[in-house]
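Below, each chain spelled out in residue letters.
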Amino acid sequence: MLTPPSDVEVLARFGRALADPIRCRILLALRDAPAHPSDLADALGISRTRLSNHLACLRDCGLVTAVRDGRRTRYELADERLGHALDDLRTAVVAVETDRTCPDAETKGCC
């Protein structure tokens, strides 16, 4: 019997996807609208091979899905809530980054 992934596993998978700037750029592009790989590669300025590897990782993480579109394949976020989550996460990280209330932040670089 398959057991559902734990919260930690789910967050680790999301973190692995966000660990690469190109994958972040792909997710942000797909947040705006579904896209075909060739269009994504052109928009991001990367090779189609490199894009394909990153899309495979994002599919394995369950964050994007491939949808047949005639003879082509279109990619989109697996769930529209992921777009909201990306926005919320970006906003929270920016807020934390600009809120340097820790007195040791400058000397220790901890916060």
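The notes below deal with the structure included here.

The rules behind each value
Residues numbered from 1 in each chain as written. Predicted model: local features only at pLDDT ≥ 70, side-chain atom pairs only at ≥ 80, totals over all residues. Heavy atoms only, no water. Salt bridge = Lys/Arg side-chain N within 4 Å of Asp/Glu carboxyl O. Buried < 20%, exposed > 50% of the residue type's maximum accessible area, 1.4 Å probe, protein only. Axes fitted to C-alpha atoms, helices over the stretch in contact; angles between N-to-C directions. Helix = DSSP H or I, 4+ residues; strand = E, 2+ residues; numbered from the N terminus. Parallel < 35°, antiparallel > 145°, perpendicular 65-115°, else oblique. Contact = heavy atoms within 4.5 Å. Nonpolar A, V, L, I, M, F, W, Y, C, P; charged D, E, K, R; others polar. Polar contact = N/O pair within 3.5 Å; in protein donor to acceptor, adjacent residues only side chain to side chain.

**Overview of the pattern of salt bridges**
Now for step 1: Scanning the model with the defined rule gives five salt bridges in all.
Now for step 2: Where Arg 31 meets Asp 32, a salt bridge forms, and the shortest distance between an N and an O atom there is 3.4 Å.
Now for step 3: Residue class for Asp 32 comes out exposed when judged on its relative accessible area of 59%.
Now for step 4: As a salt-bridge pair, Arg 74 and Glu 76 come within 3.4 Å of each other at their nearest N and O atoms.

**Quick look at the packing of helix α2 (residues 21–32) against helix α4 (residues 48–60)**
A pair of packed helices is captured by two measures, namely the crossing angle of their axes and the spacing between those axes.
Now for step 1: Interhelical geometry of α2 versus α4 gives an angle of 75° and a closest axis separation of 10 Å. The angle between the axes of α2 and α4 places the two elements in the roughly perpendicular class. On the side of α2, the interface is formed by Ile 22, Arg 23, Ile 26 and Leu 27, while α4 contributes Arg 50, Leu 51, His 54, Leu 55, Cys 57 and Leu 58.
Now for step 2: Broken down by class, the residue content of the contact of α2 with α4 amounts to seven nonpolar, one polar and two charged.

**Topic: the environment of Thr 73**
Now for step 1: With respect to the element layout, Thr 73 can be found in strand β2 (residues 72–77).
Now for step 2: Taking the relative accessible area as the measure of exposure, Thr 73 reaches 22% and is therefore partly exposed.
Now for step 3: Between the C-alpha atom of Thr 73 and that of Ala 35, which follows or precedes it by 38 residues, the distance is 8.6 Å.
Now for step 4: Ignoring any residue separated from it by four or fewer positions in sequence, one finds Thr 73 in contact with His 36, Pro 37, Ala 66, Val 67 and Arg 68.
Now for step 5: Polar side-chain contacts of Thr 73 include one of 3.0 Å to the side chain of Arg 68.

That's the geometry; what it means functionally is another story.
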